[in-house]
Amino acid sequence: MAAKAAVAGLAAILVVAMVVAVAVGVTRKNAEVESGSASNDGGSISTGSTKAVQSICAPTDYKETCESSLSHANSTNPNELIKAAFDFTVKNIGDIITNSPLFKEAANDDGTKQALEICQEVLDTAIDDLKRSFDSVDEFDITNASEYVENLKTWLSAVITNQETCIDAFENTTGDTGEKMKNLLKTAREMSSNGLAMVNEMSSFLSSLQLGNAASRKLLLSGKIGYGGDPTDYAPGEEPHFNLDSNRRRLLSATSLKPNAVVAQDGSGQFNTISAAIASVPPKNNQTFVIHVKAGVYKEYVQIPKKVNKIVLIGDGPLKTRISGRKNYAEGVKTYHTATVAVNADDFLAKDIGFENTAGAAGHQAVALRVSGDRAVFYNVHIDGYQDTLYAHTYRQYYRDCSISGTIDFIFGDSQALFQNCKFVVRKPMANQACMVTAQGRVERHSLGATIIQNGDFVAEPALLQASPPHKVYLGRPWKLLSRTIIMQSNIGGFIAPEGWAEWSGTFALDTLYYAEYQNRGPGSDLKNRVKWKGIQTLSPQMAESWTGGKFYGGDEWVKNSGVPYIPTMMQV
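Please read all numbers here as calculations on a predicted model, not as lab measurements. (Residues numbered from 1 in each chain as written. Predicted model: local features only at pLDDT ≥ 70, side-chain atom pairs only at ≥ 80, totals over all residues. Heavy atoms only, no water.)

Caption draft 1: Seen up close, the UniProt feature "active site" (unreviewed entry) in the chain. As recorded in UniProt, the sites labelled "active site" (unreviewed entry) are Asp409. Topologically, Asp409 is positioned in strand S14 (residues 408–413). Setting aside chain neighbours within four positions, we find Asp409 in contact with Asp388, Met436, Val437, Thr438, Ala439, Arg477 and Trp504. (UniProt positions renumbered as here; feature names shortened; annotations may be inferred. Helix = DSSP H or I, 4+ residues; strand = E, 2+ residues; numbered from the N terminus. Contact = heavy atoms within 4.5 Å.)

Written out as structure tokens, the structure is:
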């Protein structure tokens, strides 16, 4: 009981500190923008002693900002602080976007206008992630301590990613609007980093209490584990023996499950388009809703709206059921908005279907699939394009038995993305271009983002192999300063350049990235001539194990409960 009280108290303190800090940071920055100087009328210190504030801020990277922002809190009641901070955060982040003169300045510039629209969308999502972090305080239970912390880490990592996405949207725009937005978000970004650092400290505290085994035992007794027996009762490299309920098992086959909606171009279903079927899902849906999409090429842009959760999209096969679009950067569309299919809701599952962007290499950035929802699962899905094919944007994602094709940076983003048994097909780019499979975009040292490829197969289409002069092909390059990619137990074709990895621009990120290869095979897996950057890692077996799904996700029940094949350990290949 004492341990439970200690953890609950610490959780409340940390989340209060996080939300208050972000709220006050945004408030002060907003006042600075409106008046040209920081406001100094925030009231007296009321969050506790200076030592308490310093203790809360100790694990953060921006201690001065943390302590300064906490000093402006004007209540000693934790619940009131959370409520006031949250309400003010929602109002002020919204006001920054909707009432900012930046919108008026951008009225005559389409690129800047698009960028601000993206900012509004992703910052609204950041607000939602802060809200569910706030709401989770009341849901805290010692038996789900690990899940609680991992959710907080995931959501706060996503807040940071979405702030970065806002800034990225201004790339190649005219004027100084992008720089103004960057300055506007500076304090909020620092406070988001601080909040994540605090939660990481909470995670260390929980580990020191050794709560994991007790929590797991209680979960087992309560029947909450998604498979039979102890979670370690299968040998490393074997599939867990699932004890799923009948509904979950049926999700693996469209023929054995009565769908909630059927889409067919020949009129044999309730809907002719996928978008119409999705529009029929109740708002804020939280029940499994299965959509069977019959064979055909559906030329439409599909959006899974935010909070329309638990949609299952099942086709008749990835070569038979295809969703096709061609929006692209070369024709004036921002990368974020080029996606043929955009997943913005949680607990999405796709099976036996294909997503494509047919803009071709000349379209430059042209996304086939963007995933911006938590706990997304893709099974036997083909994702085809050229540059920027798969935008694995943020949150937790799992890909099994999928095929992803492209040319430049064709898997990019800052999600917790694990690819098992997937094929990576490198296509022929335009003249004088090189190809890079990955471009991971981590920017915050406390965040969880990484691209993990396990038992993958790196292959080239014939046109690439036959090109003269040949194109160089790399495993990846660092899109952001802390880019993190691990490739293990995979087959790497001989067309991959001996250096393995490419620079982004000069020496950018070469010392700070985290790239690792472990137990790979094939003619392109030889490490002898790989680049020798400071950020290149040599993994021990224990370190490699830490990048498997069972460790990487923190809590992987959502994968196991999907019914999709999954190995949470090193694989037997």
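There is more to say, and it comes next.
Caption draft 2: Layout of the layout of surface pockets. One number sums up the size of the second largest pocket: a volume of about 680 Å³. Every residue lining the second largest pocket is counted, 25 residues in all, and those nearest its centre are Glu164, Ile167, Lys182, Arg189 and Val443. Elements that contribute at least two residues to the lining of the second largest pocket include exactly helix H7 (145–168) and helix H8 (177–208). When the residues that make up the lining of the second largest pocket are grouped by side-chain class, the tally is eight nonpolar, five polar and twelve charged. (1 Å grid on protein atoms, 1.4 Å probe; cavity = no way out; pocket = protein on both sides within 12 Å on 5 of 7 lines; lining within 4 Å. Points joined across faces, edges and corners; volume = space filled by probe spheres on them. Nonpolar A, V, L, I, M, F, W, Y, C, P; charged D, E, K, R; others polar.)

Caption draft 3: Structural detail: the pairing of strand S8 (residues 349–357). Across the nine residues that make up S8, a large majority, nine, are buried. Strand direction decides the pairing type here: strand S5 (residues 311–314) and S8, joined by three bridges, are parallel. Following the sheet pairing, Ile314 is matched in S8 by Lys351. In terms of strand pairing, strand S6 (residues 321–325) meets S8 through four bridges, oriented parallel. Within S8, the residue paired with Arg322 across the bridge is Gly354. With seven bridges connecting them, S8 and strand S10 (residues 376–384) associate as parallel partners. Residue Ile353 lies in a different strand from S10, and its bridge partner there is Val381. (Buried < 20%, exposed > 50% of the residue type's maximum accessible area, 1.4 Å probe, protein only. Pairing = 2+ DSSP bridges.)

Caption draft 4: View of the state of the cysteines. Under the definition given, this model contains one disulfide. Cysteine Cys422 remains unbridged, with the sulfur of Cys402 as its closest cysteine sulfur at 4.5 Å. (Disulfide = S-S within 2.5 Å.)

Caption draft 5: Just the pairing of S10, in detail. Counting buried positions along S10 yields eight of nine residues, so the element is predominantly enclosed. Pairing analysis gives four bridges linking S10 to strand S12 (residues 396–400), with the strands arranged parallel. Residue Tyr379 lies in a different strand from S12, and its bridge partner there is Arg400. Pairing geometry for S10 and strand S13 (residues 403–406), over three bridges, is parallel. Across the sheet, Asp384 pairs through a bridge with Ser405, a residue of S13.

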